[in-house]
Amino acid sequence: MTEALRVEDVHTYYGDSYVLQGVSLRVAPGQLVAVLGRNGVGKTTLIRSVVGFTPPRSGRIRLRGTDITHLPSHVIARMGVGLVPQGRRIFPSLTVEENLVVAARPDSGDAWTLGRVYELFPRLRERAHHRGNKLSGGEQQMLAIARALMTNPTLLLMDEPSEGLAPKLVLDLAETLVRLKERGLSILMVEQNLPLALRLADYVYVMSKGTVVFEGTPDELRRAEGVRQRYLGV
Amino acid sequence: MQFWLTQLLNGLSFAALLFLLASGLTLIFGLMRIVNIAHGSYYLLGAYVALTVVQATESFLAAALAGSLTVAAVGVVMQRAFLSRFYRAEQAQVLLTMGFSFIFADLALWIWGGDPHRLPTPRALAGSVDLGLTFFPTYRLAVIGVGVLVALFLWLLQERTRLGAVVRAAVDDQEMARGLGIHVDPVLTGMFAVGAALAGFGGVMGGPFLGVYPGVDSEVLPLAFAVVIIGGLGSLKGALVGSVLVGVLDNLGKALFPELSYFTLFVPMAIVLAIRPTGLFGRA
């Protein structure tokens, strides 16, 4: 069975700095895979490599078997990669509804429409005509997820979705992710929030200094106290 | 009173021209981060092309279309073949577009000669309108109307259509727009074409009262930049307000203190920048 995403020995540079030093990982269809690690270990660069913002210097990235390593970002997105970036990156001068509409790809199937996205996040319907820069952090996070869904992705990339959210909102987020998984979406999530990742993930990778230093099921990570202390500081 | 009304209307009709120039400049500058020194040349070329066409066809409308479309085509070639290679490299852009402005100026001198020309005023808009206090040229009033219509059209396009939202998304965060599957490049080229066409159209509209002559390109360019800087980069509202300010101030300055005309224009600009470095409606 082909993976939803396969990253093979990827090396990525930011200018002169050598960030990803040979990372490999896989996301099976319908799985939620979490990548954990401290700040600055290359988690965000991993996401940026997959979407083509910072293409790898070597290695391969495959989406459902197709090599997407050096494709332009907009093509990768249209092939079914939905991005929920670090810091949300909501378009501030667009209304909530416009943020959703510009991302809509009706040609790629009708799984997600404005109406269905609003069913998932009723709050966004209430705020439909507010500008992106007038939203609270929680609303921005909903919008970032909703906007990514509007592209009708098969794979959702999430970079620190729980960052800056109050505990109650993290619970809502977890519930949303469970529902998305139930719909068959594959998810690659980069997180610092260990409990959230352990609760949701089917499989976990831990990164340090640009490489993967641990991989296994959440249970295996719970038992690997040395890994948690050394690489996650808990 | 009559003096002030006349000066105000003169200023507003000049403001309408400035808006045609500056709206394109602010979109290109604000959205694409391209400093286009050749934007004044678009004004010049639009006017000259219209001159040739109006002499051949005697139709002002055909001339306006030809002037705008020719300049749009020139803009697309410049953007795709040259400027797209220098994204965010301001120095390279300035040198490149300055080179283009010299080439266009020489080309225009070669084709249309060094004598000043004036586009004929469309017959339907010849004459003057009695405004009670004063008579004012009908054509200049029409220019104000055209400026208002273009502003309204651009505003609707930007704020009320999906295409406008896509453009704003690309202004806000180009990388994120790409990451959502938006093919930004044709959007940028389209924007550039619209901006160039507006400048060319400005040249056509200005032709009957400001005339067209070698050097008009470098006369209008600093004013257009002043508008953009006062109004704020990338803001249509800013371009509109800035155009009115610059148009009216420039006119009053020239009428009241002709020897200080640049002073009356650029001192208010310096004050605006001191208080709001991003311009009246610009974003940081």
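Residues numbered from 1 in each chain as written. Chains lettered and ligands numbered in written order. Predicted model: local features only at pLDDT ≥ 70, side-chain atom pairs only at ≥ 80, totals over all residues.

1. Structural notes on the nonpolar core
Here is the rule we go by: The term nonpolar core refers to a group of buried residues, namely Ala, Val, Leu, Ile, Met, Phe, Trp, Tyr and Cys, whose C-beta atoms join them within 7 Å. Here a residue counts as buried when 20 or more other C-beta atoms sit within 10 Å of its C-beta, as exposed when there are 12 or fewer, and as partly exposed otherwise, the C-beta atoms being derived from the backbone. Strands are runs of DSSP state E lasting at least two residues, helices are runs of H or I lasting at least four, and both sets are numbered from the N terminus onward. Those domain boundaries reflect an automatic or database domain assignment. Residues are scored as being in contact if the C-beta atoms we place from backbone atoms lie within 7 Å.
Counting residues in each nonpolar core, the largest one holds 163 residues, and the members touching the most others are L157 of chain A together with L18, A50 and A224 of chain B. Sort the elements by how many residues they give to this core and helix 1 (residues 2-32) of chain B lands first, with 17 residues. Residue-level mapping places this core at the junction of two domains, with at least three residues from each of domain 1 (1-80 + 155-167 + 184-234) and domain 2 (90-153) of chain A. L18 of chain B has contacts with L223, A224, V227, S243, V246 and G247 of chain B, leaving out every residue within four places of it along the chain.

2. A word on the sheet that holds strand 6 (residues 81-84) of chain A
Residues and elements named next belong to chain A. Convention followed: Strand pairing is defined by DSSP finding a minimum of two bridges between the two strands. Where helices are involved, their axes are fitted lines through C-alpha atoms of the stretch in contact, as for all axes, and angles between N-to-C directions lie from 0 to 180°.
Ordered by their spatial adjacency, 6 strands build an open sheet running 6-7-8-3-9-10, and the pairing between neighbours is mixed. On the outer flanks of this sheet lie strand 6 and strand 10 (211-216), each paired with one strand and no other. The mean angle between the axes of side-by-side strands here comes to 20 degrees, regardless of whether they run parallel or antiparallel. Across 4 bridges, strand 3 (residues 32-36) lies against strand 9 (residues 203-208) in parallel orientation. By the bridge assignment for strand 9, V33 is matched with Y203. Across the face of the sheet, helix 1 (residues 43-51) comes into contact with strand 3, strand 6, strand 7 (155-159), strand 8 (186-191) and strand 9 while running at roughly 150 degrees to strand 7. Sheet contacts for helix 6 (residues 137-150): strand 6 and strand 7; angle to strand 6, the most-contacted strand, approximately 165 degrees.

3. Quick word on the domain arrangement of chain A
Residue and element names in this part refer to chain A. Where we set the bar: Lys, Arg, Asp and Glu make up the charged group, whereas Ala, Val, Leu, Ile, Met, Phe, Trp, Tyr, Cys and Pro make up the nonpolar group; the residues left over, Gly among them, are polar.
On domain assignment, one finds that chain A holds domain 1 (1-80 + 155-167 + 184-234) and domain 2 (90-153). Each of domain 1 and domain 2 has a C-alpha centre, and these two points are 24 Å apart. Each side of the interface is counted separately: domain 1 has 8 residues, and domain 2 has 8 residues. Contributions of two or more residues to the side of domain 1 that touches domain 2 are made by helix 2 (73-78) and strand 7. Taken together, the residues of the side of domain 1 that touches domain 2 sort by class into 5 nonpolar, 2 polar and 1 charged.

4. With respect to the pairing of strand 6 of chain A
Side chains on a regular strand alternate between the two faces of the sheet. Residues and elements named next belong to chain A. Here strand 6 shows no split at all, with V81 and L83 on one side and G82 and V84 on the other all buried. Where strand 6 meets strand 7, 4 bridges bridge the pair, whose relative direction is parallel. Along strand 7, the bridge assignment pairs V81 with L155.

5. Observations concerning the sheet that holds strand 2 (residues 17-27) of chain A
Note: strands within a sheet are paired through backbone hydrogen bonds, in either parallel or antiparallel orientation. Residue and element names in this part refer to chain A. The 4 strands are arranged 2-1-4-5 in an open sheet whose pairing can be described as antiparallel. Looking at strand neighbours, the two that pair on one side only are strand 2 and strand 5 (66-67), the edges of this open sheet. Here strand 1 (residues 5-14) runs beside strand 4 (residues 58-63); their pairing, made up of 5 bridges, is antiparallel. In the sheet register, L5 faces strand 4, and the bridge partner there is L63. Contacting strand 1, strand 2 and strand 4, helix 1 runs over the sheet at an angle of about 110 degrees to strand 1.

6. Considerations on the interface of chain A and chain B
Contact with chain A, which involves 20 residues of that partner, is made by 15 residues of chain B. Looking at the side of chain A that touches chain B, the elements with two or more residues in it are helix 2 and helix 3 (96-103) of chain A. Residue composition of the side of chain A that touches chain B, grouped by class: 11 nonpolar, 4 polar and 5 charged.

7. Regarding the packing of helix 3 of chain A against helix 6 (residues 162-172) of chain B
To keep things clear, this is the line we draw: Here the angle decides the label: under 35 degrees means roughly parallel, over 145 means roughly antiparallel, 65 to 115 means roughly perpendicular, and every other value means oblique.
Orientation of helix 3 of chain A relative to helix 6 of chain B, taken along the N-to-C sense of each, is 95 degrees, at an axis distance of 9 Å. On the basis of their axis angle, the class for helix 3 of chain A and helix 6 of chain B is roughly perpendicular. Note on element contacts: helix 6 of chain B touches helix 3 of chain A through R162, A165, V166 and A169 of chain B, opposite E98, V101 and V102 of chain A. In terms of residue class, the contact of helix 3 of chain A with helix 6 of chain B is built from 5 nonpolar, no polar and 2 charged.

8. Some thoughts on the environment of T54 of chain A
Residues and elements named next belong to chain A. If you trace the backbone, T54 turns up in the loop between helix 1 and strand 4. Judged by the 20 C-beta atoms lying within 10 Å of it, T54 is buried. Sequence separation between T54 and S73 is 19 residues, and the spatial gap between their C-alpha atoms is 9.4 Å.

9. Concerning the pairing of strand 10 of chain A
Residue and element names in this part refer to chain A. As judged from the 5 bridges shared by strand 9 and strand 10, these two strands associate in the antiparallel manner. Its bridge partner being in strand 10, V206 is matched across the sheet by F214. Linking strand 9 back to strand 10 in an antiparallel pair, the connection comprises 2 residues, with K209 at a positive phi of about 45 degrees.

10. Let's talk about unusual backbone geometry
Residues and elements named next belong to chain A. For D9, which is not glycine, the phi torsion reads 45 degrees and is therefore positive. Among the secondary structure elements, D9 is positioned in strand 1. For D9, a count of 13 C-beta atoms within 10 Å gives the class partly exposed. Phi is positive for R89, close to 50 degrees, though the residue is something other than glycine. Along the chain, R89 falls in the loop between strand 6 and helix 3.

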